[in-house]
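Residues per chain, in single letters:
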Amino acid sequence: MADGNPQGIDVSHFQGDVDWNKVAAGGQSFVSIKATQGQSGYSAASYYSDNIEGAREAGLISGGYHFFTGGDDGKAQADYFLSVAKPKPGDLLPMLDLEDTNGASASVIVEEALAWLSAVEKAVGKKPFLYTTASFFAGIGNPSGFEDYPLWVANYGVSKPHMPQGWKIYTIWQHSQSGSCNGVSGNVDMDSFNGPRSTLEVFRV
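This write-up is about the structure you can find in this document.

About the criteria used
- Residues numbered from 1 in each chain as written.
- Predicted model: local features only at pLDDT ≥ 70, side-chain atom pairs only at ≥ 80, totals over all residues.
- Heavy atoms only, no water.
- Pairing = 2+ DSSP bridges.
- Helix = DSSP H or I, 4+ residues; strand = E, 2+ residues; numbered from the N terminus.
- Axes fitted to C-alpha atoms, helices over the stretch in contact; angles between N-to-C directions.
- Contact = heavy atoms within 4.5 Å.
- Core = buried A, V, L, I, M, F, W, Y, C linked by side-chain atoms within 4.5 Å.
- Buried < 20%, exposed > 50% of the residue type's maximum accessible area, 1.4 Å probe, protein only.
- Expected span 1.5 Å × (residues − 1).
- Polar contact = N/O pair within 3.5 Å; in protein donor to acceptor, adjacent residues only side chain to side chain.
- Salt bridge = Lys/Arg side-chain N within 4 Å of Asp/Glu carboxyl O.

On to the sheet that holds strand S8 (residues 188-193). Backbone-to-backbone hydrogen bonds join strands into a sheet, with any given pair of strands oriented parallel or antiparallel. Strand order in the closed barrel formed by eight strands is S1-S2-S3-S4-S5-S6-S7-S8, with mixed pairing between adjacent strands. Strand-to-strand, the axes of this sheet are offset by a mean angle of 30 degrees, without reference to chain direction. Note that strand S3 (residues 61-67) and strand S4 (residues 95-97) share three bridges and pair parallel. The partner of Tyr-65 across the bridge, within S4, is Met-95. Relative to the sheet, helix H2 (residues 46-57) contacts strand S1 (7-11), strand S2 (28-37) and S3, its axis offset from that of S2 by approximately 160 degrees. Strands S3, S4 and strand S5 (129-132) of the sheet are contacted by helix H4 (residues 106-124), whose axis makes an angle of about 165 degrees with S4.

Next up, the structure:
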């Protein structure tokens, strides 16, 4: 990762209480907070609403992400996410976390994930992030149709990430799942934006 590029974190209820002012003071620029999973009834959805305002107020570019459940209707998952996350102008673009089949076939995952992305794009007016790994994406057949969505790629212990087929560049790289950050107790996912702060501004609602 290039020196000087904006750094950030992504969190879920596993991180517990977060001191967002300390996160910002420690040099982080952005955060994505898990909002939902599946199409209804995610038991930790309140974690998002409990944290998003604090993150915004601390000056972090802040948004929400949805953990995709294979086999569930993509549009219903998008509607659920939007009802909880309520993306606002200036937020970090929403992100779809695509890393678990939940036993669904590749064709179903592709169809429903694209439905989620399309519905959220229509709602916020910009293409949301797709988070995945090269190995997972290969496992569902390296499908087409995703390559125009900004890539949030996960790959650890390497000098540069292994890219899923279809992308030449990544937008954000989750380079560690066991990092440390001021304001967060225990391990946290660490992310690096691929470009200067001025370009990060493009990836806001």
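As a further point, take the nonpolar core. Judged by nonpolar contacts, the single largest core of 50 residues is most densely connected at Ile-9, Trp-20, Ile-33, Leu-98 and Phe-146. The element that contributes the greatest number of residues to this core is H4, accounting for eight residues. Excluding residues within four positions of it along the chain, Ile-33 makes contact with Val-11, Trp-20, Tyr-47, Tyr-48, Asn-51, Ile-52, Ala-55, Gly-63, Gly-64 and Tyr-65. Among the nonpolar cores identified, the runner-up in size contains 14 residues, and Ile-61, Tyr-65, Tyr-131 and Ala-154 belong to it.

A few words on H4. Between its terminal C-alpha atoms H4 stretches 27 Å, which fits the 27 Å expected from 19 residues at 1.5 Å a residue. Burial in H4 covers these residues: Ile-109, Val-110, Glu-112, Ala-113, Trp-116, Leu-117, Ala-119, Val-120 and Val-124. Here the buried face of H4 lies against S3, helix H3 (74-85), S4 and S5. Following H4 by one or two positions, Gly-125 has its phi on the positive side, about 85 degrees.

Mapping Ser-12 onto the fold places it in the loop between S1 and helix H1 (20-25). Owing to a relative accessible area of 8%, Ser-12 belongs among the buried residues under this scheme. Setting aside chain neighbours within four positions, we find Ser-12 in contact with Lys-34, Tyr-47 and Tyr-65.

The α-helix advances 3.6 residues per turn, and as a result positions three or four apart in sequence lie on the same side. Taking 1.5 Å of rise per residue, the 12 residues of H3 would be expected to cover 16 Å, and the 16 Å separating its terminal C-alpha atoms lies within 8% of that figure. Of the positions making up H3, those classed as buried are Gly-74, Gln-77, Ala-78, Tyr-80, Phe-81, Leu-82, Val-84 and Ala-85. Put simply, Asp-73 is the residue that caps the front of H3, since its side-chain oxygen is 3.1 Å from the backbone nitrogen of Lys-75. Positive backbone phi, at 45 degrees, marks Lys-86, one or two positions downstream of H3.

The next thing to look at is the pairing of S8. Across the six residues that make up S8, a large majority, six, are buried. Across four bridges, the pairing between S1 and S8 is antiparallel. Within the sheet, the bridge partner assigned to Ile-9 lies in S8 and is Met-190. Taken together, the five bridges between strand S7 (residues 172-179) and S8 define a ladder with antiparallel strand orientation.

A few words now on the pattern of salt bridges. Scanning the entire structure with this criterion turns up seven salt bridges. The partner of Lys-88 in a salt bridge is Glu-53, with the nearest N and O atoms 3.9 Å apart. Separated by 35 residues along the polypeptide, Lys-88 in the loop between H3 and S4 and Glu-53 in helix H2 bring together distant segments of the chain. Accessibility expressed as a relative area gives 39% for Lys-88, which makes it partly exposed. We classify Glu-53 as partly exposed; its relative accessible area is 36%.

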